[in-house]
Amino acid sequence: MSIPPGPPPNPYQQNNPNPYAQQQPQGSVPQQSPYAQPTMPAGVPITSQPPGGPPGQPPGQPPGAPPAFGAAEKKGVPAWLWGLGGVVVASAVWAGALFATGGFDSSEDPEPVLGYRFEKDLCESTELKAFEERYEIPDASDATGWGSEQDALSQSFCSWSLTDREQDPDDYSSSYVSVTTIWHGASDPTGEFAPTYKGYEDRSDADYKYETEPVKGFGEEAYLVRENGEGDSSSRSMSLAVRDGWFTYQMDWSYYGGTDSTDPPSPDEVEQMLKDETKTALADLKK
């Protein structure tokens, strides 16, 4: 069991002689015992109030002033807490200054860069004129689409089934064009845009081979993804994806045919149709 410490030394104690100390012969040098303990004059309680203030208050300070750091306890609060209180106050002042100067400004999140108006009905607003030379374009009522406008993410989509003008009536091949537009209101798509389309190349297998290449002249960045059927596959597809700020646009063309089907447009022809139609669509959506 530990022995509780004794009372702290009284800072107002006078250097009174110890009445129990042995008298030294006159003229001799007093010898200090190495085991001697400091003594307190009898009858002087440690809680007595010294002149100038309440218990624990150094002389010369007005009543009610806080004790100096390291002074005795005041009203049951350890002296070290007074120092801690000063740190807390200083921290509060520092935090208030940061709030006042914008150091803790929670509005530093980047604002979305959306330079294109929201279009809910892409089936109605997209004319596909770049595809008219090769395909018959259906009415908007025969297309499939939807749109959703929200603060965090707005989207629109439309898909058309096209009829190849060079296709034999008994040919059951199919061609499709679709458009997907996204207005990113809550997050910047820049960091994920390029990896998304470059990642198509990793999907290549024995039946499908994907190639991704950057395209200039569209927004801040754009990629063309080609898919050429390998082996027994007769499918073809191509996509042009554009990012301009926090707005993304993607147009897809796809073809599915059999061994006796009419050949689809060449890759160069499809690429040009996608580029021409995308340029027209982006100009129409630009604010």
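Residues numbered from 1 in each chain as written. Predicted model: local features only at pLDDT ≥ 70, side-chain atom pairs only at ≥ 80, totals over all residues. Heavy atoms only, no water.

Here we take up the nonpolar core. The biggest cluster of nonpolar side chains holds 31 residues, and the ones touching the most others in it are Phe131, Trp160, Val177, Met251, Trp253 and Leu274. Mapped by element, the contributors of at least two residues to this core are helix H2 (122-125), strand S3 (153-164), strand S4 (174-184), strand S6 (221-229), strand S7 (236-244), strand S8 (247-256) and helix H4 (267-285). Sorting elements by how many residues they give to this core places H4 first, with six residues. In this structure Phe131 touches Ile137, Leu162, Val177, Met251, Trp253, Met273, Leu274 and Glu277, once residues within four positions along its chain are discounted. Judged by nonpolar contacts, the second largest core, of eight residues, contains Phe193, Tyr197, Tyr223 and Val225. (Core = buried A, V, L, I, M, F, W, Y, C linked by side-chain atoms within 4.5 Å. Buried < 20%, exposed > 50% of the residue type's maximum accessible area, 1.4 Å probe, protein only. Helix = DSSP H or I, 4+ residues; strand = E, 2+ residues; numbered from the N terminus. Contact = heavy atoms within 4.5 Å.)

With that out of the way, let us pick up the pattern of salt bridges. Under the definition given, this model contains 11 salt bridges. Of the charged contacts in the structure, one is a salt bridge between Glu213 and Arg226, with a shortest N-O distance of 3.8 Å. Of the two residues, Glu213 sits in strand S5 (residues 208-214) while Arg226 sits in strand S6, which places them 13 residues apart along the sequence. Residue Glu213 is classed as partly exposed on the basis of its relative accessible area, which comes to 32%. Several salt bridges converge on common partners, so that one network encompasses Glu213, Arg226, Glu271 and Lys275. (Salt bridge = Lys/Arg side-chain N within 4 Å of Asp/Glu carboxyl O.)

Of the two faces of S3, only one is covered, namely that formed by Ser154, Ser156, Cys158, Trp160, Leu162 and Asp164; the face formed by Leu153, Gln155, Phe157, Ser159, Ser161 and Thr163 stays uncovered. Pairing analysis gives two bridges linking strand S1 (residues 135-136) to S3, with the strands arranged antiparallel. Bridged to Glu136 within S3 is Thr163. Relative to S3, strand S2 (residues 144-148) runs antiparallel, the two being bridged by five bridges. Residue Trp146 lies in a different strand from S3, and its bridge partner there is Phe157. Linkage of S2 to S3, two consecutive antiparallel strands, is achieved through a turn of four residues. Bridge count for S3 against S4 is 10 bridges, and the pairing is antiparallel. (Pairing = 2+ DSSP bridges.)

Geometric descriptors of this kind do not, in isolation, establish any biological role.
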